[in-house]
Amino acid sequence: LFRHFSGTLHGFNVLYFGKIYYVGINTPWHYALGYFFAVTPFLMLIFVFIGLIKLITNTIFLKNRYSALVLAWFFVPTLKYLHPNIGVFDDIRHFLEAVFPLCIMAGVGATIALSFILKIIKTGRAIKKIIFPIFYLLLILYLLLQILPIHPYETAYFSEIVGGGKDAQGKFDLEFWGNALKEGSLYLNK
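Residues numbered from 1 in each chain as written. Predicted model: local features only at pLDDT ≥ 70, side-chain atom pairs only at ≥ 80, totals over all residues. Heavy atoms only, no water.

A. Structural context of the overall build of the protein. Along the protein, the regular secondary structure elements total eight helices and two strands. Helices (α) and strands (β) of the protein occur, in sequence order from the N terminus, as α-β-β-α-α-α-α-α-α-α. Intrachain contacts of the protein at a sequence separation of at least 6 include 63% that bridge at least 24 residues. Of the roughly 11,900 Å² of accessible surface on the protein, 71% is carried by carbon and sulfur atoms. (Helix = DSSP H or I, 4+ residues; strand = E, 2+ residues; numbered from the N terminus. Contact = heavy atoms within 4.5 Å. Areas by Shrake-Rupley, 256 points an atom, 1.4 Å probe, with all protein chains shown as cover.)

Take a look at the structure:
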């Protein structure tokens, strides 16, 4: 795995948190995890962390046999980039397969957070049935507010943690494929 993915992009430069790195020479070990941090909305990161803790404890205490599968599904494609020689050229697309288990972790974390909130609130059962849909509706609205300002030519989303797409300029390579897509769209429109 390391030999196959390390030869093709050796020396390719990547902009990562405002610093230029060279693939196979000085790519940081935390590249994949840092990219997930930069492109995942803050609230989702909180839920991912809560879900991750739950899945780890479920795996350790054998409470749910699928927890280990979700953890492996996330960490196998992500942790291969811990090796500094693995070829990367900017963006999250290298480990898109890890986005699905990341969403599962966020769902587990959101459910745990909501259950905790409902334990604190001393209300009737009917009110609690109303709170669940409202909670998830607010979560969806939050996520929509994150993506609606993105211009159609932007090919990547950056979270409010790094300042969104405008503040990510100079920290990450935002234009790697975007300019070609923009010019191609203009050409097709003509």
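The rest of the description comes next.
B. Molecular detail of the pairing of strand β1 (residues 13-16). Every second residue of β1 is oriented toward a common face, the buried set being Val14 and Tyr16 and the non-buried set Asn13 and Leu15. By the bridge criterion, four bridges tie β1 to strand β2 (residues 19-22) in an arrangement that is antiparallel. Across the sheet, the residue bridging to Asn13 is Tyr22, located in β2. The turn linking β1 back onto β2 is made up of two residues, and Phe17 within it adopts a positive phi angle of 50°. (Buried < 20%, exposed > 50% of the residue type's maximum accessible area, 1.4 Å probe, protein only. Pairing = 2+ DSSP bridges.)

C. Examining a nonpolar patch on the surface more closely. A cluster of nonpolar residues, Ile127, Ile130, Ile134, Leu137, Leu138, Ile140, Leu141, Leu144, Leu145, Ile147 and Leu148, forms a patch on the protein surface that exposes about 1,100 Å² of accessible area. Positionally, Leu148 belongs in the loop between α6 (125-147) and α7 (164-168). The class for Leu148 is exposed, based on a relative accessible area of 62%. (Patch = residues over 30% accessible without salt bridge, like charges linked within 9 Å, V, L, I, M, F, W, Y side chains within 5 Å. Salt bridge = Lys/Arg side-chain N within 4 Å of Asp/Glu carboxyl O.)

D. Layout of the packing of helix α4 (residues 65-79) against helix α5 (residues 99-120). In the contact formed by α4 and α5, the axes pass within 8 Å of each other and the chain directions differ by 135°. One finds that α4 runs oblique with respect to α5. With respect to the hand of their crossing, α4 and α5 are arranged in left-handed fashion. Facing Val70, Trp73 and Phe74 of α4, the residues of α5 in contact are Phe100, Pro101, Leu102, Ile104 and Met105. Considered class by class, the residues forming the contact of α4 with α5 number eight nonpolar, no polar and no charged. (Axes fitted to C-alpha atoms, helices over the stretch in contact; angles between N-to-C directions. Parallel < 35°, antiparallel > 145°, perpendicular 65-115°, else oblique. Left-handed = near helix turned anticlockwise from the far one by under 90°. Nonpolar A, V, L, I, M, F, W, Y, C, P; charged D, E, K, R; others polar.)

E. Spotlight on the nonpolar core. Formed by 36 residues in total, the largest nonpolar core has its most connected members in Tyr35, Phe47, Phe95, Met105, Phe158 and Phe172. Mapped onto this core, the elements with two or more residues apiece are β1, α2 (31-39), α3 (42-60), α4, α5 and α6. Ranked by the residues each element gives to this core, the list is headed by α5, at seven residues. (Core = buried A, V, L, I, M, F, W, Y, C linked by side-chain atoms within 4.5 Å.)

F. Spatial organisation of the packing of α5 against α6. In the contact formed by α5 and α6, the axes pass within 11 Å of each other and the chain directions differ by 135°. For the element pair α5 / α6, the angle class is oblique. Considering how the two elements wind past one another, α5 and α6 form a crossing that is right-handed. Facing Ala110, Thr111, Leu114 and Leu118 of α5, the residues of α6 in contact are Lys128, Ile131, Phe132, Phe135, Tyr136 and Leu139. Taken together, the residues of the contact of α5 with α6 sort by class into eight nonpolar, one polar and one charged.

G. How the structure looks around the side chain of Ser159. Its place among the elements puts Ser159 in the loop between α6 and α7. Discounting residues that sit within four places of it in the chain, Ser159 has contacts with Phe37, Ala38, Val39, Thr40, Pro41 and Gly164.

H. The side chain of Thr27, seen in detail. Mapped onto the elements of the fold, Thr27 is located in the loop between β2 and α2. Relative accessible area serves as the criterion here: at 7%, Thr27 is assigned to the buried category. Side-chain polar atoms of Thr27 contact the backbone oxygen of Tyr22, separated by 3.4 Å. (Polar contact = N/O pair within 3.5 Å; in protein donor to acceptor, adjacent residues only side chain to side chain.)

I. Examining unusual backbone geometry more closely. The residue Phe17 is not glycine, and still its phi comes out positive at about 50°. Following the sequence through the fold, Phe17 ends up in the loop between β1 and β2. Its relative accessible area of 35% is what places Phe17 among the partly exposed residues. In the Ramachandran plot, Leu62 falls in the positive-phi region, its phi being about 50° despite a non-glycine side chain. Among the structural elements, Leu62 can be located in the loop between α3 and α4.

Read these as layout, nothing more, since geometry by itself doesn't imply function.
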